[in-house]
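# Structure assessment
Here are the chains, one letter per residue:
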Amino acid sequence: MKLIICEKPSVGMAIASALGIETKNDGYMESEDFLVSWCIGHLAELSQPSCYGSEYEKWSLETLPILPETWQLTISKDKEKQFNILKKLLFRNDVTEVINACDAGREGELIFRFVMEKADCKKPVKRLWISSMEEGAIRKGFENLKDGKDYDSLYRSALCRAKADWLVGINATRLFSLLYNHTLNVGRVQSPTLKMLVDRNEAITNFKKEKYYHVRLALGDAEAVSEKFSDKEEAEKVAKACKGKSTVCTSLTSEKKEALPPKLFDLTALQKEANRIFGYTAKQTLDLAQSLYEKKLLTYPRTDSNYLTDDMEETAETVIHTLLSKFSFMQGVKLIPEVTGLLNSKKVSDYYAVIPTMELEKTELSLLPESEQNILFLAGARLLMACATSHIYETVTAVFSCENHTFTAKGKTVLSSGWKEIETLFLMSLKEKQNKEDEKELPAFCEGESFDNFMIKVTEHGTLPPKAYTESTLLSSMERAGNKETTEDAERKGLGTPATRASIIEKIIKAGFVIRKGKQLIPTKDGINLISVLPETLTSPLLTAEWENELSRIAKGEADADSFMEKIEAMTKDLIENADAEKAKAELFKEEKTVIGLCPRCQSPVYEGKKNYYCSNRDC
């Protein structure tokens, strides 16, 4: 008898269905050859500080840093029943082998290993590693089970991530909360993410608008524009000099350009596009994609790959053919898919890009919730665009001279729409407004051609402040964090992983350090103050990006887990030793009282107390 352990009940049901396991019991399913059971997310987790000694129950500076010598695991009370079911199954006499069918990745590996460790089970383990919940993919995965030991390095990486987050999170949160007399959640990844938002907010706040001016000549259906003038009088002087004069086309240059088709979606790219088009948060997109995955309609979403493996040519062609028949906006569009450009096994890490599955063909898409339809259509449209031809266009630049002043007109001619046609049709099907092209097609100018009696005007403009982060732009920045300073051969750059970025954003919002304002993410006063008091080691995107890269190398067996943890412990000790309690400004995080009105006697602010209203001026 083999026991299959999944990450969630829904995955357990899908695997049971694929293997023909029908007998249902409390917390598991059974057949002659298999038992299928499941965790409920993280069943076992690293224990809280109080488990390591009663002195850690109360928060105090004297007990820091907390550095467990032997780490312990705890089962949360609401999950004890399912853990006990799993433990009983693990120690059944007829169970000779355990199959790890948790999600194929770092966290899935951790969830399974923690259960085995907490149950103290030493039975042989095999690993199921799949990227699709289609029955064919599940059965194929069971035909190609790997030895559980092949994933020991992945587990070491996951364990290092969990311990590092615990050490930095627990110690730094207690330290700064005690110093500033206010609960301040500090995290290995969330603090550098918050720093990005605070830095952007500061740049917007300190921005000083500067005016500038252009002189514009109306030449038939085109407009030729001067350079920027910071002084309005200077621009008007040029306009006056050119008024009533002739202007001559002194040069005409054209350049043929190619915009390559976009790559397939990894999770971060899918989250960015879903935020931009539908306004979904990163977490909403991940949850919707996970639901579609469990419904067998989408491949595994927690991926950082933009390619399919070399053996997926036939699969991709079948899915594309299905999409062409299912998507009404593609009716009448001639698309000869070029699939080979989507295939590259060398660029696929744990799992391939996010695409719809072949299950699409027998699914009535209109029965899905609208939000799930949107994500599925988005992934499908991206697959169609990725296999289309390049967008070819020609840019034309015409330069004019008038009274020794230069004016430029720019235009663009589309030679072949390519993948852009599919993008336009897809967005139109969503009733999405199209971005107007900046450059129109220019009239056929000739070098030496002159113009008289043209209209001339001076226009005023203002420099624009940086834009506040949206989830889409923040995800891009998290993905690129530390890129400039990181070596080219770094395995993984950026803050967090595709699978964790959504939860990081949610954490800093839940902690009250950031608020959502429409699509924008704005740091609060507490968020700004927190970044002002944290040392650079906790807010540097580069340092955290380096750690993420190191964790990736540990997963590949290229770096040592013990030396990574030694660095984290040293940093934690250093943090506590260098904390200066006397310099801490507790008033930074004092709750601001709401002013009810002004005192009729002295005009000072009036506040609401527990039992009455009172004047803030004690002498009044």
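It should be emphasised that the depicted structure is a prediction, and the values quoted were computed from it without experimental measurement.

The rules behind these values
Residues numbered from 1 in each chain as written. Predicted model: local features only at pLDDT ≥ 70, side-chain atom pairs only at ≥ 80, totals over all residues. Heavy atoms only, no water. Helix = DSSP H or I, 4+ residues; strand = E, 2+ residues; numbered from the N terminus. Buried < 20%, exposed > 50% of the residue type's maximum accessible area, 1.4 Å probe, protein only. Pairing = 2+ DSSP bridges. Salt bridge = Lys/Arg side-chain N within 4 Å of Asp/Glu carboxyl O. Patch = residues over 30% accessible without salt bridge, like charges linked within 9 Å, V, L, I, M, F, W, Y side chains within 5 Å. Areas by Shrake-Rupley, 256 points an atom, 1.4 Å probe, with all protein chains shown as cover. Phe/Tyr/Trp six-rings, centres within 6.5 Å; stacked < 30°, edge-to-face > 60°. Axes fitted to C-alpha atoms, helices over the stretch in contact; angles between N-to-C directions. Left-handed = near helix turned anticlockwise from the far one by under 90°. Contact = heavy atoms within 4.5 Å. Nonpolar A, V, L, I, M, F, W, Y, C, P; charged D, E, K, R; others polar. Lys, Arg positive; Asp, Glu negative; His and termini not counted. Charge placed at Lys NZ, Arg CZ, Asp CG, Glu CD. Core = buried A, V, L, I, M, F, W, Y, C linked by side-chain atoms within 4.5 Å. Parallel < 35°, antiparallel > 145°, perpendicular 65-115°, else oblique. Disulfide = S-S within 2.5 Å.

### Quick word on the environment of A316
Mapped onto the elements, A316 comes out in helix 10 (residues 313-326). By relative accessible area, which is 0% here, A316 ends up buried. Sequence spacing of A316 and K81 is 235 residues, and the spatial spacing of their C-alpha atoms is 42 Å.

### Quick look at the sheet that holds strand 21 (residues 613-615)
With antiparallel pairing, 3 strands are arranged side by side in an open sheet as 19-20-21. Strands with a single pairing partner mark the edges of an open sheet, and in this sheet they are strand 19 (597-598) and strand 21. As paired strands, strand 19 and strand 20 (residues 605-608) are joined by 2 bridges and run antiparallel to one another. Note that in strand 20 the partner of G597 across the bridge is V606.

### Comments concerning the pattern of salt bridges
Evaluation of the coordinates by the stated rule reveals 30 salt bridges. In this structure, K362 engages E359 in a salt bridge whose closest nitrogen and oxygen atoms are separated by 4.0 Å. According to the relative accessible area criterion, K362 is exposed, its value standing at 66%. Using a relative accessible area of 19% as the deciding quantity, one classes E359 as buried. Between R553 and E550 there is a salt bridge, with its nearest N and O atoms 3.6 Å apart. With R553 and E550 both in helix 17 (residues 541-555) and 3 residues apart, this pair spans about one turn of that helix. A relative accessible area of 16% places E550 in the buried class.

### Section: a nonpolar patch on the surface
Together, W59, L61 and L178 give the surface a local cluster of nonpolar side chains, amounting to about 240 Å² of exposed area. When you line up the elements, L61 lands in the loop between strand 5 (44-46) and strand 6 (73-75). Under the relative-accessibility criterion, L61 is labelled partly exposed at 34%.

### Examining the packing of aromatic side chains
Counted under the stated rule, the structure contains 15 aromatic pairs. The interplanar angle of 70° and the centroid separation of 6.2 Å between the aromatic rings of F34 and F142 together place this pair among those described as edge-to-face. Of this pair, F34 sits in strand 4 (residues 34-38) while F142 sits in helix 4 (residues 135-143); the two residues are 108 residues apart in sequence, bridging distant segments of the chain. Classification of F142 as buried rests on a relative accessible area of 14%.

### Thoughts on unusual backbone geometry
Across the junction of L64 and P65, the peptide omega takes the value 0°, indicating a cis bond. By secondary structure assignment, the location of P65 is in the loop between strand 5 and strand 6. Its identity is not glycine, yet E403 carries a phi of approximately 55°, on the positive side. Structurally, E403 is set in the loop between strand 13 (391-402) and strand 14 (405-416).

### Overview of the packing of helix 8 (residues 267-278) against helix 9 (residues 282-294)
For the pair helix 8 and helix 9, the least separation of the axes is 9 Å and the interaxial angle reads 115°. Crossing of helix 8 against helix 9: the hand is right-handed. Listed contacts from helix 9 to L267, L270, Q271 and A274 of helix 8 are A282, T285, L286 and A289. Of the residues belonging to the contact of helix 8 with helix 9, the class tally is 6 nonpolar, 2 polar and no charged.

### Details of a negative patch on the surface
Taken together, E227, D231, E233, E234 and E236 make up a surface patch of like negative charges. Here D231 shows up in the loop between strand 11 (222-225) and helix 7 (232-242). The partly exposed category is assigned to D231, whose relative accessible area is 36%.

### A word on the nonpolar core
Nonpolar side chains tend toward joint burial in soluble globular proteins. Membership of the largest hydrophobic core comes to 85 residues, with the highest contact counts inside it found for L90, F176, L530, L538 and F564. Per-element tally for this core: the top contributor is helix 5 (residues 152-180), with 15 residues. Residues within four places of L530 in sequence aside, it is in contact with L184, N185, V186, L194, F513 and F589. Grouped together as the second largest cluster of nonpolar side chains are 50 residues, L288, L378, I422 and L427 included.

### A word on the packing of helix 5 against helix 18 (residues 561-577)
As a packed pair, helix 5 and helix 18 sit with axes 10 Å apart at the nearest point and diverge in direction by 5°. The orientation of helix 5 with respect to helix 18, classified from their angle, is roughly parallel. Contact residues: helix 5 offers R156, C160, K163, A164, L167, V168, N171, A172, L175 and F176, while helix 18 offers A561, F564, M565, I568, E569, M571, T572, L575 and I576.

### Side note on the environment of Y352
Looking at where Y352 falls in the secondary structure, it is placed in the loop between helix 10 and helix 11 (370-386). By relative accessible area, Y352 is classed as buried at 14%. C-alpha of Y352 to C-alpha of I75: the two residues are 277 residues apart in sequence and 33 Å apart in space. Apart from residues no more than four positions distant in its own chain, Y352 is found in contact with S131, S132, T299, Y300, T303, S305, Y307, L308, T309 and M312.

### Some thoughts on the pairing of strand 17 (residues 514-517)
By the bridge criterion, 4 bridges tie strand 17 to strand 18 (residues 520-523) in an arrangement that is antiparallel. Bridged to R516 within strand 18 is L521. Once strand 17 ends, the chain turns through 2 residues before running back antiparallel as strand 18, passing G518 with a positive phi of about 65°.

### Examining the state of the cysteines
All told, the structure shown has 0 disulfides when counted by the stated rule. Free cysteine C102: the closest other cysteine sulfur is in C39, separated by 4.5 Å. For C102, a relative accessible area of 2% puts it in the buried group. A disulfide-free cysteine, C242 has its sulfur positioned 3.4 Å from the sulfur of C402, the nearest such atom.

### Some remarks on helix 13 (residues 471-480)
In terms of residue burial, helix 13 counts as a mostly covered element, since 7 of its 10 residues are buried. Listed in full, the buried residues belonging to helix 13 are E471, S472, L474, L475, S476, S477 and M478. On its buried face, helix 13 is in contact with helix 6 (190-205), helix 8, helix 9, helix 14 (501-510), strand 17 and strand 18.

### Thoughts on the sheet that holds strand 7 (residues 97-101)
Sheet strands associate in pairs through backbone hydrogen bonding, adopting either a parallel or an antiparallel arrangement. Taken in spatial order, the 7 strands of this open sheet run 2-3-4-1-7-8-9, and their pairing is mixed. Strand pairing shows two members of the sheet lacking a second neighbour, strand 2 (23-25) and strand 9 (146-147), which therefore form its edges. Pairing analysis gives 3 bridges linking strand 2 to strand 3 (residues 28-30), with the strands arranged antiparallel. From the neighbouring strand, K24 faces strand 3, where its bridge partner is M29.

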